[in-house]
Protein chains: 2
Amino acid sequence: MNRLLQHINQHIKLSSGNIEKLKKFFTIKSYKKKEYLLHFGSISRYEFFVIKGCLRTFIVDKNGTEHNIMFATENWWTGDIASFFNQTPTSYSIQALEKTDVLQISKEKWENLFIQIPEFGHYARVMFQNATVAQQSRIIQNLSYTAEERYLDFLAKSPNLIQRIPQKHIASYLGITPEFLSMLRNKLVHN
Amino acid sequence: MNRLLQHINQHIKLSSGNIEKLKKFFTIKSYKKKEYLLHFGSISRYEFFVIKGCLRTFIVDKNGTEHNIMFATENWWTGDIASFFNQTPTSYSIQALEKTDVLQISKEKWENLFIQIPEFGHYARVMFQNATVAQQSRIIQNLSYTAEERYLDFLAKSPNLIQRIPQKHIASYLGITPEFLSMLRNKLVHN
DNA sequence: CGTCTATTTGAATGTACTCAAAAGCGGTGG
DNA sequence: CCACCGCTTTTGAGTACATTCAAATAGACG
């Protein structure tokens, strides 16, 4: 719980009364490796804040191929906002890549949170702003860089993820096949 | 101005007092075709709401190639939020593809707006949520669809934009060369 | 009408994919 | 603690999708 409070505290100042209030809105939950937090076709009931571990959000295309949209590790929010806010079936699945502890919050509680602690609205807006900025740079990458450049950029920006995430998932995130990533890595080693 | 009020009204209820207040925050501005609203390297001073016309946001890569990130037509918000909120130099440029009327708001006014009309925070959050959802589906498209599929999808979802935006800009938005788009279109006509 | 830009066409090339098979690696049970 | 099984990564050949470059044609606008 402290991790979340600390994260929120970087953006807004909360009174100690509000801190106590806030705690009641979240439930701590632990997921085993390979366990699903959200399943394609269902309705997203929670948003998740990762305390410890690693999650992947992916989509399955018409050919049955999985595409990783994002990874969430410590101090990241994840979930399907479209499904969560509109209570419509999700096209995503979220799966734990490791044993993962999260704080989760339901839609009813989420909405109540804004009423009880209006300052939280500012925090949420900043989170969405940041998400928008991050995604925009991802779109640009996919448009203007080759697979090799994208991989090198990922390597530079997320060296920690390279360590803990299987290559096939990284390949999928970068939009290439695992075979091609393997070839690229081999090429890069031999310069 | 009415267009914006109508748009906001779809998400939050404003008292007539607040409507009057709100109007004071925005300035109407008209840009000529080809005119720049934001120039690469400068600091974004405004967020824009398009009343009439069409804007493109693009980035120039290291080879000098332009990549269109988004188009904004009537009732769309645009701007570089990263540069606007952090007052850092932007990597984007925004240019009018037609004579375009916008409502623009400066950073100081934007921040004041949340204080004066807290309900506006909800509207802004919803806007960012929607942007996040839209961008996510764009990322997925780039990852899982071929150029032909992306073009057909664009055709289906934005037939209006096909009419008014030059093909080379659509090609750039789809992440392909104008030559290849031309070839695709030719192929599609002859099935 | 002429100029400038956008679109089309085509050939050669490059980037990334598919399919198949081998090699590596990690966890589990005996 | 080792052997085996299943999954991940590597390797390679052949192919498909998309780019580059060059040149011709078509359109838009003053």
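Residues numbered from 1 in each chain as written. Chains lettered and ligands numbered in written order. Predicted model: local features only at pLDDT ≥ 70, side-chain atom pairs only at ≥ 80, totals over all residues.

(A) Layout of the overall build of chain A. A count of helical and extended segments in chain A gives nine helices and eight strands. Over its C-alpha trace chain A gives a radius of gyration of 18 Å, about what one expects of a compact globule, namely 16 Å for 191 residues. Expressed as lengths along the three principal axes of its C-alpha atoms, the size of chain A is roughly 60 × 35 × 30 Å. Look at the contacts in chain A between residues 6 or more apart in sequence, and 71% of them connect residues 24 or more apart. (Helix = DSSP H or I, 4+ residues; strand = E, 2+ residues; numbered from the N terminus. Rg over C-alpha atoms; globule rule 2.2 N^0.38 Å. Contact = placed C-beta atoms within 7 Å.)

(B) Examining the protein's contact with DNA strand D more closely. Lining the immediate environment of DNA strand D, one finds 16 residues, of which Gln167(A), Lys168(A), Ser182(A), Ile176(B) and Phe180(B) sit closest. The set of elements that each furnish at least two residues to the surface near DNA strand D consists of α8 (167-174) and α9 (178-189) of chain A together with α6 (147-157) and α9 (178-189) of chain B. For the surface near DNA strand D, the element with the highest residue contribution is α9(A), accounting for six residues. Class assignment of the residues belonging to the surface near DNA strand D gives a composition of six nonpolar, five polar and five charged. (Near = placed C-beta within 6 Å. Nonpolar A, V, L, I, M, F, W, Y, C, P; charged D, E, K, R; others polar.)

(C) Representation of the interface of chain B and chain A in the model. Contacts between chain B and chain A engage 26 residues on the former and 26 residues on the latter. The set of elements that each furnish at least two residues to the side of chain B that touches chain A consists of β5 (66-72), α3 (81-86) and α5 (119-144) of chain B. Considering every element that reaches the side of chain B that touches chain A, the biggest residue donor is α5(B), with 16 residues. Along the lines of polarity and charge, the residues of the side of chain B that touches chain A split into 13 nonpolar, 10 polar and three charged.

(D) Examining the relation of the copies chain B and chain A more closely. Turning chain B through 180° and shifting it by 0.0 Å along the axis lays it on chain A, with an RMSD of 0.0 Å. On the angle and the small slide along the axis, the relation comes out as a two-fold axis. Same-surface contact between copies: 100% of interface residues of chain B are shared with the interface of chain A. (Least-squares fit on C-alpha atoms with pLDDT ≥ 70 in both.)

(E) Layout of the sheet that holds strand β3 (residues 46-52) of chain A. Residue and element names in this part refer to chain A. The sheet built from four strands is open, its strands ordered β1-β8-β3-β6 with antiparallel pairing. Pairing within the sheet leaves two strands with one partner each, and these edge strands are β1 (27-31) and β6 (77-78). As judged from the five bridges shared by β1 and strand β8 (residues 100-106), these two strands associate in the antiparallel manner. Opposite Ile-28, over in β8, you have Leu-103 as the bridge partner. (Pairing = 2+ DSSP bridges.)

(F) Focus on the protein's contact with DNA strand C. Every one of the 16 residues lining DNA strand C counts as a neighbour, but Thr146(A), Phe180(A), Gln167(B), Lys168(B) and Ser182(B) are closest to it. Where the surface near DNA strand C is concerned, the elements lending two or more residues are α6 (147-157) and α9 of chain A together with α8 (167-174) and α9 of chain B. Of the residues belonging to the surface near DNA strand C, the class tally is six nonpolar, five polar and five charged.

(G) Seen up close, the nonpolar core. Ranked by size, the top nonpolar core spans 65 residues in total, and within it Leu37(A), Phe48(A), Phe49(A), Leu55(A), Leu37(B) and Leu55(B) carry the most contacts. Counting residues in each nonpolar core, the second largest holds 11 residues, with Ala124(A), Phe128(A), Phe128(B) and Ala131(B) among its members. (Core = buried A, V, L, I, M, F, W, Y, C linked by C-beta atoms within 7 Å. Buried ≥ 20, exposed ≤ 12 C-beta atoms within 10 Å, placed from the backbone.)

(H) Structural detail: the sheet that holds strand β8 (residues 100-106) of chain B. As summarised here, the arrangement of the four strands in space is β1-β8-β3-β6 (chain B), forming an open sheet in which the pairing is antiparallel. Single-partner strands in this sheet number two, and they are β1 (27-31) and β6 (77-78) of chain B.

(I) Spatial organisation of the pairing of strand β5 (residues 66-72) of chain A. Residues and elements named next belong to chain A. The pairing of strand β4 (residues 55-60) with β5 spans six bridges and is antiparallel. What sits directly across from Ile-59, in β5, is His-67. Taking the residues between adjacent antiparallel strands as the criterion, β4 and β5 are bridged by five residues, where Gly-64 takes a positive phi near 90°.

(J) Focus on the packing of α6(B) against α9(B). Residue and element names in this part refer to chain B. With their axes 11 Å apart at the nearest point, α6 and α9 run at an angle of 75° to one another. Taken together, the axis directions place α6 and α9 in an arrangement best described as roughly perpendicular. Where α6 abuts α9, its residues Ala-147, Glu-148 and Tyr-151 lie against Phe-180, Leu-181 and Leu-184. When its residues are assigned to classes, the contact of α6 with α9 shows five nonpolar, no polar and one charged. (Axes fitted to C-alpha atoms, helices over the stretch in contact; angles between N-to-C directions. Parallel < 35°, antiparallel > 145°, perpendicular 65-115°, else oblique.)

(K) Quick peek at the environment of Val133(B). Looking at where Val133(B) falls in the secondary structure, it is placed in helix α5. Given 17 C-beta atoms within 10 Å, Val133(B) falls into the partly exposed group. Between the C-alpha atom of Val133(B) and that of Ile69(B), which follows or precedes it by 64 residues, the distance is 15 Å. Excluding residues that lie within four positions of it along the chain, Val133(B) makes contacts with Ile81(A) and Ala82(A).

(L) Focus on the environment of Ile43(A). Residues and elements named next belong to chain A. Mapping Ile-43 onto the fold places it in the loop between β2 (36-38) and β3. On the neighbour-count criterion, Ile-43 (15 C-beta atoms within 10 Å) is partly exposed. Here the alpha-carbon distance between Ile-43 and Thr-90, two residues 47 residues apart in the chain, equals 5.8 Å. Residues within four places of Ile-43 in sequence aside, it is in contact with Ser-83, Gln-87, Thr-88, Pro-89 and Thr-90.

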